[in-house]
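# Observations on chain architecture
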Amino acid sequence: MIANLADLRIGGTSGSGAQAVERALQLLSIVGRRAEHGVALSEVVAESGLNKPTTRRLLMALMRSRLVEQDEVTRRYYLGGELYVLGVLAARRHGLLEMAADSLKRLSALSADTSFVSMRRDDYAVCLHREEGTHPVRTHALLTGDQNPLGVGAGSLAMLAALPDEEVEAILARIEGVLASQYPGYTPDIVREDVARTRATGYAVNPGRVISSSWGIGMAILLPDGRLAGALSIAAIDSRMGEARQKELAGLLQAEVERVQTKMRALFTVRDPVPRSKPAGARRRALQPV
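Residues numbered from 1 in each chain as written. Predicted model: local features only at pLDDT ≥ 70, side-chain atom pairs only at ≥ 80, totals over all residues. Heavy atoms only, no water.

### Points about the nonpolar core
Which entries qualify depends on this criterion: Here the nonpolar core consists of buried residues drawn from Ala, Val, Leu, Ile, Met, Phe, Trp, Tyr and Cys, with membership extended through side-chain atoms lying within 4.5 Å. Classification of residues uses two cut-offs on accessible area relative to the type maximum, computed with a 1.4 Å probe and protein chains only: under 20% is buried, over 50% is exposed, and between them is partly exposed. Helix and strand assignments come from DSSP, with helices taken as H or I runs of at least 4 residues and strands as E runs of at least 2, each series counted from the N terminus. Only heavy atoms enter the contact rule, under which two residues are in contact if any of them lie within 4.5 Å.
One finds Leu96, Ile217, Ile221, Leu232, Leu253, Val260 and Met264 to be the most contacted residues of the largest nonpolar core, which totals 24 residues. Those elements that provide at least two residues to this core are α5 (96–111), β5 (114–121), β9 (214–222), β10 (228–237) and α9 (243–267). A per-element tally of this core places α9 first, with 7 residues. Not counting chain neighbours up to four residues away, the residues in contact with valine 260 comprise Leu96, Met99, Ala100, Ser103, Ile221 and Leu232. Within the second largest apolar cluster, 23 residues are counted, among which are Ala125, Leu160, Ile175 and Tyr186.

Structure (structure tokens):
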């Protein structure tokens, strides 16, 4: 996409690829701040501090990547259609909470227990939201914003188990010291056993390893291309997490995971491309979600 920026010649000499990309992204930000009315070349030059030839070359590179487009009449620059596509792709990660909100409400209403949606952040799982249930005795093991190493906790374990074996091993190698110092109920071998059990049953169970009386059950959410998006989970006191109820809650989770994944498939369905002979506006409309 913008990798070809590394081949630009800046200021008459061969500039570094990193510098070219940084300058191009600076110009992209300038265009973005004037997204509604566009921006003239002279304005970009003045705001960026770059000379006119360099600015023009960088803008041309952004245009080739369809990150920027130029109005043929006014010659003003606007954000390009490719940014819309990238924004939709980014929403797969950052829009997870919105897509899971109704599911969390249903899970907590049906189970009377607390439900969560989590996402991966590097080697950790982060709780995006906690939806309280109506049962009078609740667990407070996981709060919004809390993070634990992948494999620690039900939603976190569900996410880890959804990753390829080589990635699981790489993560365990990196978090081994954290487990040893902060999570006495966990070792890499214990997590490996948990991953195997999760894959066999289709859902993850945390049998009170973080807090003895707090159990959890979780299931991974996958993107339309099969990659990890996050996880839904339910937490309850140990007396409400017997084997029969685990299966009951797993059924509830499965239904809501499927609902969220259906929303994702609908969001990322793109209409058949419009031939390039069509007007630019028609091409942009073709990229909108259905």
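### A closer look at the packing of α5 against α9
Rules: Axis geometry follows a simple rule: fit a line to the C-alpha atoms, using only the stretch in contact for helices, then measure angles between N-to-C directions, giving values from 0 to 180 degrees. Any angle from 65 to 115 degrees is called roughly perpendicular, while one under 35 is roughly parallel, one over 145 is roughly antiparallel, and all others are oblique. Crossing handedness: left-handed means the near helix sits turned counterclockwise from the far one by under a right angle, and right-handed means the same turn made clockwise. Under this grouping Gly is polar, as are all residues other than the nonpolar Ala, Val, Leu, Ile, Met, Phe, Trp, Tyr, Cys and Pro and the charged Asp, Glu, Lys and Arg.
Close contact between α5 and α9 brings their axes to 10 Å; oriented N to C, the two are set at 155°. Judged by the inter-axis angle, α5 sits roughly antiparallel to α9. Helix-helix and strand crossings are classified by hand; for α5 and α9 the assignment is right-handed. Between α5 and α9, the residues in contact are Leu96, Met99, Ala100, Asp102, Ser103, Arg106, Leu107, Leu110 and Ser111 and Arg245, Leu249, Leu252, Leu253, Glu256, Arg259, Val260, Lys263, Met264 and Leu267, respectively. Grouping the constituent residues of the contact of α5 with α9 by class yields 11 nonpolar, 2 polar and 6 charged.

### Concerning the sheet that holds β9
We count it as follows: For two strands to count as paired, DSSP must find a minimum of two bridges between them.
Across the sheet, which stays open at both edges, the 6 strands sit in the order β7-β6-β5-β10-β9-β8 with antiparallel pairing between neighbours. One side of each edge strand has no neighbouring strand; the edge strands of this open sheet are β7 (147–149) and β8 (204–206). Sheet twist, expressed as the average angle between the axes of neighbouring strands with direction ignored, equals 30°. Where β9 meets β10, 9 bridges bridge the pair, whose relative direction is antiparallel. Among the inter-strand pairings, glycine 216 is bridged to a residue of β10, identified as alanine 235. Along the sheet face, α5 touches β5, β6 (124–131), β9 and β10 and points at about 150° away from the line of β5.

### Here we look at unusual backbone geometry
The phi angle at arginine 75 is positive, at roughly 65°, despite the residue not being glycine. One can find arginine 75 in the loop between β3 (68–70) and β4 (77–79). Judged by its relative accessible area of 42%, arginine 75 is partly exposed. Phi at aspartate 122 is positive, roughly 60°, even though this residue is not glycine.

### Some details on helix α6 (residues 154–161)
Most of α6 is tucked away, with 8 of its 8 residues classed as buried. Listed in full, the buried residues belonging to α6 are Ala154, Gly155, Ser156, Leu157, Ala158, Met159, Leu160 and Ala161.

### Quick word on the confidence of the model for the protein
Applied cut-off: Each residue carries a pLDDT score, the predictor's confidence in it, ranging from 0 to 100.
Taken residue by residue, the protein gives an average pLDDT of 83. The fraction at 70 or more is 83%. Looking at the elements of the protein, mean pLDDT is at its lowest for helix α10 (residues 280–286), recorded as 37, and at its highest for helix α8 (residues 188–201), recorded as 97. Low pLDDT, under 50, characterises residues 1–15; the predicted model gives this stretch 33 contacts beyond four residues in sequence or across chains. Residue range residues 270–290 is modelled with pLDDT below 50. Its contacts to residues more than four positions away, or to other chains, number 25 contacts.

### Comments concerning the pairing of β6
In regular strands, side chains alternate between the two faces of the sheet. By the bridge criterion, 7 bridges tie β5 to β6 in an arrangement that is antiparallel. From the neighbouring strand, arginine 120 faces β6, where its bridge partner is alanine 125. Between the antiparallel neighbours β5 and β6 lie 2 residues, among them aspartate 122 with a positive phi of about 60°. Sheet topology note: the β6/β7 ladder contains 3 bridges and is antiparallel. Across the sheet, residue valine 126 finds its bridge partner in β7, namely glutamine 147.

### With respect to the packing of helix α7 (residues 165–182) against α8
It is at 10 Å that the axes of α7 and α8 come closest, and there the two elements cross at 140°. By crossing handedness, the relation of α7 to α8 is classed as right-handed. For the pair α7 and α8, contact is made by Asp165, Val168, Glu169, Leu172, Glu176 and Leu179 and by Pro188, Val191, Arg192 and Arg199, respectively. Of the residues contributing to the contact of α7 with α8, the split by class is 5 nonpolar, no polar and 5 charged.

### A closer look at the pattern of salt bridges
As a reminder of what qualifies: Take a side-chain nitrogen of Lys or Arg and a carboxyl oxygen of Asp or Glu: if they are within 4 Å of each other, that pair is a salt bridge.
Applying the stated criterion across every chain, the model contains 18 salt bridges. A salt bridge links glutamate 43 to arginine 34, with the nearest nitrogen and oxygen atoms 3.7 Å apart. With relative accessibility at 30%, the residue glutamate 43 sits in the partly exposed group. The class of arginine 34 is partly exposed, set by a relative accessible area of 31%. One salt bridge connects aspartate 189 with arginine 192, and the closest N-O pair in it is separated by 2.8 Å. Linking aspartate 189 with arginine 192, this pair stays in helix α8, spanning 3 residues, or about one helical turn. Here arginine 192 falls in the partly exposed class, since its relative accessible area comes to 32%. Look at the salt bridges and you will find they share partners, linking Arg33, Arg34, Glu43, Glu47 and Arg76 into a network.

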